[in-house]
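Structural characterization, general
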Amino acid sequence: MFKTSLSFLFAALFAAFSSFAIADQNDDARIKQLALEAILENPEIIAQAITLLRAQDEQRQMENVKSTLDHFRKELENDPNAPVLGNPDGSIVVVEFFDYNCPYCKQVAPDVLELINHDADIKLVYREWPVLGENSVFAARAALAAREQGKYEAMHWALMSLRQANPQTVLAAAADLDLDLKKLQQDMKSEAIDQHISLSMQLANAIGFSGTPSFVFGDQIAPGAIPLVEMQKLVDIERQRRQ
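Residues numbered from 1 in each chain as written. Predicted model: local features only at pLDDT ≥ 70, side-chain atom pairs only at ≥ 80, totals over all residues. Heavy atoms only, no water.

**Let's talk about the overall build of the protein chain**
What counts, and what does not: Segments assigned H or I by DSSP are reported as helices when at least four residues long, segments assigned E as strands when at least two residues long, and all are numbered from the N terminus. When accessible area is computed with a 1.4 Å probe and restricted to protein chains, residues below 20% of their type maximum are described as buried, those above 50% as exposed, and intermediate ones as partly exposed. Only heavy atoms enter the contact rule, under which two residues are in contact if any of them lie within 4.5 Å. Surface accessibility in these figures is a Shrake-Rupley result with a 1.4 Å probe; residues are shielded only by whichever protein chains are displayed.
What the protein chain contains, in helices and strands, is eleven helices and five strands. Counting only residues that meet the buried cut, the protein chain has 41% of its 243 residues in that class. Contacts in the protein chain between residues at least 24 apart in sequence constitute 75% of all its contacts with a sequence separation of at least 6. When the accessible surface of the protein chain is totalled, it reaches about 13400 Å², and 54% of it is carbon and sulfur.

Here it is as structure tokens:
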């Protein structure tokens, strides 16, 4: 009703201006005066117009995001070069972009673990996105390299628990997990790890993420440290969409 009434008001103004312009096309000042009088008589028109334009802008943004997600669906949800936690065959796919030195990523880590531990239908895809400097790059490479020894998940949670991830603390964490450090450091140089990090950068930029953590829940994006209840709500929305 609001949108319709606003459209009628704009149409009426346009009609009034058009008819006047036909009568006297040179009287720009009078047209402006008519517009001002219309606004003064209906001051709510400004707030309504702003609200409508914002809603239209948000709708366009949502459509653009969905188009981007559809375009990169395979890379986001089924990249064999990305670690997967939870149920690898889960119908609900959650993708998290994160950095081991991001305090907000550490803040949401227990909620992410809670989410997959209490919903057996979630496939959690991790995108290592080291945006906070060389220490973060080292940590991401070490975690991805731990896959070669079957210990990515253990390494991931160990690095998330660090106050600061740097070469010394990362390698100490790896040693505590009985990883072969020589092999780990060699595997950290692999092309597959270069490709994973490069693709994470590409996907994050395409979607429009500006920091970590950032999540994708099917057709929805959620940048920032969202609480568990919000994660569960987004999972429920995605589940209903698939029915």
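Still to come is the rest of the account.
**Section: the pattern of salt bridges**
The following threshold applies: One speaks of a salt bridge when a side-chain nitrogen belonging to Lys or Arg is within 4 Å of a carboxyl oxygen belonging to Asp or Glu.
Within this structure, the stated rule accounts for 14 salt bridges. With its nearest N and O atoms 2.8 Å apart, the salt bridge here joins arginine 127 to aspartate 79. Taken together, the residues arginine 127 in strand β3 (residues 122-128) and aspartate 79 in the loop between α4 (73-77) and β1 (84-86) connect sequence positions 48 residues apart. The pair arginine 127 / aspartate 79 is uniform in exposure class, with both members buried. The salt bridge involving lysine 233 is made with glutamate 230; its shortest N-O contact spans 3.8 Å. Of this pair, lysine 233 and glutamate 230 are both found in helix α11 (residues 228-242), three residues apart, which corresponds to roughly one turn of the helix. Judged by its relative accessible area of 47%, lysine 233 is partly exposed. The exposure class assigned to glutamate 230 is partly exposed, which follows from its relative accessible area of 28%.

**Focus: helix α5 (residues 103-117)**
What counts, and what does not: The length a helix should cover is 1.5 Å for every residue beyond the first. Here the bend at each residue means the angle between axes fitted to two seven-residue stretches, the one ending at that residue and the one beginning there.
Over its 15 residues, α5 extends 22 Å from the first C-alpha to the last, a length consistent with the 21 Å expected when each residue adds 1.5 Å. Taken as a whole, α5 carries its principal kink of about 35 degrees at alanine 109; the proline proline 110 stands between one and four residues after it. Taken residue by residue, α5 has Cys105, Lys106, Val108, Ala109, Val112, Leu115 and Ile116 as its buried positions. Its buried side turned inward, α5 meets β1, β2 (92-98), β3, α7 (152-160), β4 (214-217) and α11.

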